[in-house]
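So you can see what is in the structure, the chains are spelled out below.
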Amino acid sequence: MSRVRRHYAAGVAVCLLGVLVGVAGCGAAQSKAKPIQATTTAAAPTVRLQAIAGLGEVLVDSHGKALYMFPPDHRRAVTCTGPCAGSWPPLRLTKQTTPSAGPGVHADLLGSDPDPDGGRVLTYNGWPLYTYVADLTSRQAVGQALNLNGGYWYVLRASGQPVVPAGAPVPR
């Protein structure tokens, strides 16, 4: 399947997921309960490098899932919350956990930012890190260079720089 078709199919899947979540949430306005959000929480996350076809070695989580940055975060704050976080779950840290860097990953670039939805989100080179629900297996980066939820999404190299395809906007 071509890259464009895969991205289209992934976008359709995310839209359908959003519709289903929206339908399931009907009538929730009466409840004071906080809505459940998809997140990726790691007790002691390890950020490592893994080769992904067409992208080279990029950052992945402990399970081999590609990690993405979101330029609207501007290297300072988590902006993908609510429904956005349902498609792009932030890599959350549990209390008193220390992330570790796998071989080739710079431990000094690991950090965390407060999550507006509560807790902390792991960062790399100042960028909050997210996974993508359409990446069903390791060695996939279906979300690479997708323009969804108000901006483009990019995987990161060990240097902390995003992998930006020719012609795509470069994050600042």
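Details of the structure are given in the entry above.
Everything in this summary refers to the structure shown in the same document. Keep in mind it's a predicted model, so treat the numbers as computed, not measured.

Next up on the list: the side chain of Asp73. Counting through the fold element by element, Asp73 comes out in the loop between β4 (68–69) and α2 (83–87). The side chain of Asp73 sits in the buried core without any salt bridge; Arg76 is the nearest counter-charge, 9.0 Å away. If we ignore the near neighbours within four places in the chain, the residues touching Asp73 are Val78, Thr79, Cys80, Trp127, Pro128 and Tyr130.

A complete count under the given rule lists two salt bridges for this structure. Residue Asp115 is joined to Arg92 by a salt bridge in which the shortest nitrogen-to-oxygen separation is 2.6 Å. Remark: Arg92 occurs in strand β5 (residues 91–93) and Asp115 occurs in the loop between β7 (110–114) and β8 (120–124); sequence separation between them is 23 residues. We classify Asp115 as buried; its relative accessible area is 5%. Its salt-bridge partner being Arg92, residue Asp117 comes within 3.8 Å of it at the nearest N-O pair. Within this pair, whereas Asp117 is found in the loop between β7 and β8, its partner Arg92 is found in strand β5, the two being separated by 25 residues in sequence. Each member of the pair Asp117 and Arg92 is classed as buried. Three or more residues are tied together by salt bridges with common partners; here these are Arg92, Asp115 and Asp117.

For the rest of this paragraph, the subject is the nonpolar core. Core analysis: the biggest nonpolar cluster contains 21 residues, and Tyr68, Trp88, Trp153 and Val155 have the highest contact counts within it. By size, the runner-up hydrophobic cluster in this structure holds 18 residues, among which are Leu59, Leu110, Tyr124 and Tyr154.

The next subject is the pairing of strand β3 (residues 56–60). If a strand is regular, its side chains alternate between the two faces of the sheet. As paired strands, strand β2 (residues 46–52) and β3 are joined by five bridges and run antiparallel to one another. Bridge pairing links Gln50 to Val58 in β3. Here β2 folds back onto β3 in antiparallel fashion, the turn holding three residues, of which Gly54 has a positive phi close to 80 degrees.

Thresholds, definitions, all that
Along each chain, residue indices are assigned from 1 in the same order as the chain's sequence is written. Two thresholds apply to this predicted model, a pLDDT of at least 70 for residue-level local features and 80 or more for giving and counting side-chain atom pairs, whereas whole-chain, interface and lining totals are computed over all residues. The basis for every side-chain value is the complete set of heavy atoms in the structure, and neither hydrogens nor water enter the calculation. Elements are defined by DSSP. Helices are runs of H or I of four residues or more, strands are runs of E of two residues or more, and each kind is numbered from the N terminus. Only protein chains enter the accessibility calculation, which uses a 1.4 Å probe; a residue is then buried when its area is under 20% of its type maximum, exposed when over 50%, and partly exposed in between. When charges are counted, Lys and Arg contribute as positive and Asp and Glu as negative, whereas His and the chain ends are disregarded. Put simply, a salt bridge is a Lys or Arg side-chain nitrogen that is within 4 Å of an Asp or Glu carboxyl oxygen. Between two residues, a contact is recorded if the distance between any of their heavy atoms is within 4.5 Å. Among buried residues, those of type Ala, Val, Leu, Ile, Met, Phe, Trp, Tyr and Cys that are joined through side-chain atoms within 4.5 Å constitute a nonpolar core. A pair of strands is treated as paired once DSSP finds two or more bridges between them.

Remember that the coordinates give geometry; whether it matters functionally is a separate question.
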